[in-house]
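The primary structure of each chain is shown beneath.
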Amino acid sequence: MVMTSGKSTIQSSMDTSKTSDIAAHYDYVDRLMEWSLSDLEHLILILQLRITAEQEYVNALLKIKQLPPAPTIDVLPFDGESTFMTAKAKLRANLDRTISERTHLIETMSSQHEVLSILRVEQEKKKQRIKRALGRINTDYALRKSMVLSELRKTYVAKCSELEQEENSNNTAIAAAATMANDDGMIISSPESPTMSTAKADKRKSRASLHTFRHHLSSKMPITDHNKIAKLKHEVMEADRSYRNNVVMLERLREDQIKTVEVVHSNIEVMFMDKTEITKSVLRYMCITEQSILAREASALQALNKICDEMDGRKDRLAFARRMDKLDFHPPPPIYYEHYKHGLLKDAQFGISLQMYSKTHGDRAVPVLVSRCIEAVEEMGGLHREGIYRISGRHASVDALRLEFEKDEQLCDLKQFDLPTVSSVLKVYLRELECPLWAFPLDLRDSYSRKDDATRLRELETRIGNLSLPHRETLRVIIEHLARIVSQADRNKMTIHNISVIFTPAIFHDEQQSQSGPDKVLVDLINHHESLFAKYDANEQGADTLTPASTAKSSSVMPEDMPVPKPTQPAGSSIPQEATSTAIAPPVGGNQLNS
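Being a predicted model, the structure only gives us computed values, none of them experimental. (Residues numbered from 1 in each chain as written. Predicted model: local features only at pLDDT ≥ 70, side-chain atom pairs only at ≥ 80, totals over all residues. Heavy atoms only, no water.)

**A few points about the overall build of the protein chain**
- Regarding its fold elements, the protein chain presents 18 helices and two strands.
- Within the protein chain, the fraction of its 595 residues that count as buried is 35%.
- Looking at the protein chain alone, contacts between residues at least 24 apart form 85% of all its contacts between residues at least 6 apart.
- Surface accessibility of the protein chain: about 36,200 Å² in total, with carbon and sulfur atoms responsible for 56%. (Helix = DSSP H or I, 4+ residues; strand = E, 2+ residues; numbered from the N terminus. Buried < 20%, exposed > 50% of the residue type's maximum accessible area, 1.4 Å probe, protein only. Contact = heavy atoms within 4.5 Å. Areas by Shrake-Rupley, 256 points an atom, 1.4 Å probe, with all protein chains shown as cover.)

As structure tokens, then:
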């Protein structure tokens, strides 16, 4: 009946492990239910925020509805109603429908939000009931197992050990009494002793001696020892009975705990099922409601889209044009530069940027002066004239031609001037541009010239692509002209090096010469102009190059197939763009992208 210490240690370890499993299971169930409720709360929060968003949307729509009506004008710009006005009226009519539909959606979402909130409360109550039931059975089982059972086991083991010690002490006392009997002259021999084997015939004498020994031993041992052993045996029996009964009771509690856990699991399963099914019903109802609302909104949008298809900016534009024709408005006259000596100059253009020239001349990419000078140089035989562009015209003639161009660039008669004068005016125009034709500083050109051919051409193509349209197209026209001159170098003696020396200062506004070697930028431009400018089609870009007569006449009425231009005047300006289309503005910084 005595338990060894090794078995007791193993059993204690197993009991602790089982108790820990119960605690871990309780903790998991608690965290599982808490997570489920938090998950439900998160859905409720999402729905609440969706309701808030819808309410804010409705409030914003109500603010639109509360806007005062559009301002009126004494004289309508149209005879009747424009397609724009029809579409605007339909858009405002859809506003009331949208507000009503979205308000209904908010009411539906709010009712379903209440359903989920009730589910949240009910599941919280069920969670508390589960925790109480599971906690109570776990506590009863754990306390009885860890305290009551442990104490009863200890008592049982202690009583068994005490009885064992007492019996061992009694055996020791019997051995001691036997020794004392031997000392008193009593010889008691066992049946296996040699004395018995040699005196079998004297059995009667031996029996008498044994009786005498027992009497002597009983006289030496106190009666109290026998009573103590009997009492200990009784106490061991009582401890064993209590221990057994507690084990049976603990086993019953264990079975109750298992059944409780099964019930808990079943309740948690129901919680998950209820949460899923109720949420399914809530979302399904909201989806059906919102789907029907979206269908009605889609129908309204289709009606609006049909009106949008009927909108026609050209019709409104023509209606406005017809209305404006009936009104007698006169735009302010253009402003021209007035020279101190020579009077009004219609096309003052020396010293301004290409960007400004383009804006004030109907977005023309290449100035008329550049186009006409190049055309005149080639018509006058400049491609074959020795020293072309190296020989300068007379100063008075150059000034006279400049003045003619600024008086009227289209009507300027170049035939009355010689070739050096025309070529000099082109160089002067390029040098006096507010921004260089190509802002490519000397240090960057030096770095460029030290690279290999392939790298240089890739870089050159990239830099050309970064130029604005007026700068790129004007550069292209000039480079193509210089390439034609270089192709006749055997007659005009203007090699690519000579052309580079003359036009580098004019194009780059840089009078300094490179100290590290030849400047290869202009050389590469001339040698590879066809491939470098191939992707930039001047016709597609809307640039006028060598057709100056095309800009001699401009129409004051835009054709019906021409897109409406975007406004370019500064913000806040009340001056119409058409009124300043031929005016000369003060020089401003060019918008060319620096390479």
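Alright, that's what it looks like, and here's the rest.
**Points about the pattern of salt bridges**
- Applying the stated criterion across every chain yields a total of 25 salt bridges.
- For the salt bridge of Glu-54 with Arg-50, the shortest nitrogen-to-oxygen distance reads 3.0 Å. Separated by four residues within a single helix, Glu-54 and Arg-50 lie in helix H1 (residues 5-65), roughly one turn from each other.
- Residues joined by salt bridges that share partners form a network here, namely Arg-50, Glu-54, Arg-102, Glu-290 and Glu-297. (Salt bridge = Lys/Arg side-chain N within 4 Å of Asp/Glu carboxyl O.)

**Let's talk about the packing of aromatic side chains**
- Counted according to the given criterion, the structure contains seven aromatic pairs.
- Ring centres of Trp-438 and Phe-508 lie 6.0 Å apart, and the angle between their planes is 35 degrees; this geometry places the pair in the tilted category. Residue Trp-438 is found in the loop between helix H10 (419-431) and helix H11 (442-449), and its partner Phe-508 is found in helix H15 (residues 496-508); the two are separated by 70 residues along the sequence.
- Judged by relative accessible area, Trp-438 falls into the buried class, the value being 0%.
- Here Phe-508 falls in the buried class, since its relative accessible area comes to 5%.
- Residues Phe-440 and Tyr-448 carry aromatic rings whose centres are separated by 6.2 Å and whose planes lie at 70 degrees to one another, so their mutual orientation is edge-to-face. (Phe/Tyr/Trp six-rings, centres within 6.5 Å; stacked < 30°, edge-to-face > 60°.)

**Examining H10**
- With 13 residues, H10 ought to run about 18 Å at 1.5 Å a step, and its terminal C-alpha atoms sit 19 Å apart, in line with that.
- Along H10, the positions that sit buried rather than exposed are Leu-419, Pro-420, Thr-421, Val-422, Ser-423, Ser-424, Val-425, Leu-426, Lys-427, Val-428, Tyr-429 and Leu-430.
- Against helix H7 (354-360), helix H8 (368-379), helix H9 (395-407), helix H13 (469-486) and H15 lie the buried residues of H10. (Expected span 1.5 Å × (residues − 1).)

**Observations regarding the environment of Glu-122**
- In this fold, Glu-122 is placed in helix H2 (residues 83-183).
- Along the chain, Glu-122 and Met-271 lie 149 residues apart, while their C-alpha atoms are 9.5 Å from each other.

**A look at the packing of H13 against H15**
- Between H13 and H15, the least distance of the axes is 10 Å, while the angle of their chain directions is 160 degrees. On the basis of the axis angle, H13 is roughly antiparallel to H15. Crossing of H13 over H15 shows right-handed handedness. Here H13 contributes Leu-475, Leu-482, Ile-485 and Val-486 to the contact with H15, which in turn contributes Ile-496, Ile-499, Phe-503 and Ile-507.
- Along the lines of polarity and charge, the residues of the contact of H13 with H15 split into eight nonpolar, no polar and no charged. (Axes fitted to C-alpha atoms, helices over the stretch in contact; angles between N-to-C directions. Parallel < 35°, antiparallel > 145°, perpendicular 65-115°, else oblique. Left-handed = near helix turned anticlockwise from the far one by under 90°. Nonpolar A, V, L, I, M, F, W, Y, C, P; charged D, E, K, R; others polar.)

**Side note on the environment of Thr-495**
- The residue Thr-495 is located in the loop between helix H14 (489-492) and H15 in this model.
- Since its relative accessible area comes to 35%, Thr-495 is described here as partly exposed.
- Put simply, Thr-495 and Ile-485 are 10 residues apart on the chain and 8.4 Å apart in space, counted from C-alpha to C-alpha.
- Sequence-distant contacts of Thr-495, defined by excluding residues within four places in its chain, comprise Val-486 and Ala-489.

**Quick notes on helix H6 (residues 313-325)**
- Under the 1.5 Å per step criterion, the end-to-end length of H6 is 18 Å for 13 residues, consistent within 8% with the ideal 18 Å.
- The backbone nitrogen of Arg-314 lies 2.9 Å from a side-chain oxygen of the residue at the head of H6, namely Asp-312. (Polar contact = N/O pair within 3.5 Å; in protein donor to acceptor, adjacent residues only side chain to side chain.)

**Considerations on a nonpolar patch on the surface**
- Residues Phe-84, Met-85 and Met-311 make up a contiguous nonpolar surface patch of roughly 260 Å² in combined accessible area.
- Along the chain, the position of Phe-84 falls in helix H2. (Patch = residues over 30% accessible without salt bridge, like charges linked within 9 Å, V, L, I, M, F, W, Y side chains within 5 Å.)

**A look at the nonpolar core**
- Ranked by size, the top nonpolar core spans 56 residues in total, and within it Trp-438, Phe-503 and Leu-525 carry the most contacts.
- Contributing elements (two or more residues each) for this core: H8, H9, H10, helix H12 (453-465), H13, H15 and helix H16 (521-527).
- Discounting residues that sit within four places of it in the chain, Phe-503 has contacts with Tyr-389, Lys-427, Leu-430, Leu-482 and Leu-522.
- Residues Leu-47, Ile-51, Ile-106 and Leu-119 belong to the second largest nonpolar core, which totals 16 residues. (Core = buried A, V, L, I, M, F, W, Y, C linked by side-chain atoms within 4.5 Å.)

**Looking at the packing of H8 against H13**
- Contact pair H8 / H13: the axes reach a minimum separation of 11 Å and the direction vectors enclose 10 degrees. As the angle between them shows, H8 and H13 are arranged roughly parallel. For the pair formed by H8 and H13, the contact residues are Val-370, Ile-374, Val-377 and Glu-378 on the first element and Thr-474, Val-477, Ile-478, His-481 and Arg-484 on the second.
- Of the residues belonging to the contact of H8 with H13, the class tally is five nonpolar, two polar and two charged.

**Points about unusual backbone geometry**
- The backbone phi angle of Asp-363 is positive, close to 60 degrees, even though this residue is not glycine.
- Of note in the backbone geometry, Lys-493 takes a positive phi value of approximately 65 degrees without being a glycine.
- Turning to its location among the elements, Lys-493 is positioned in the loop between H14 and H15.

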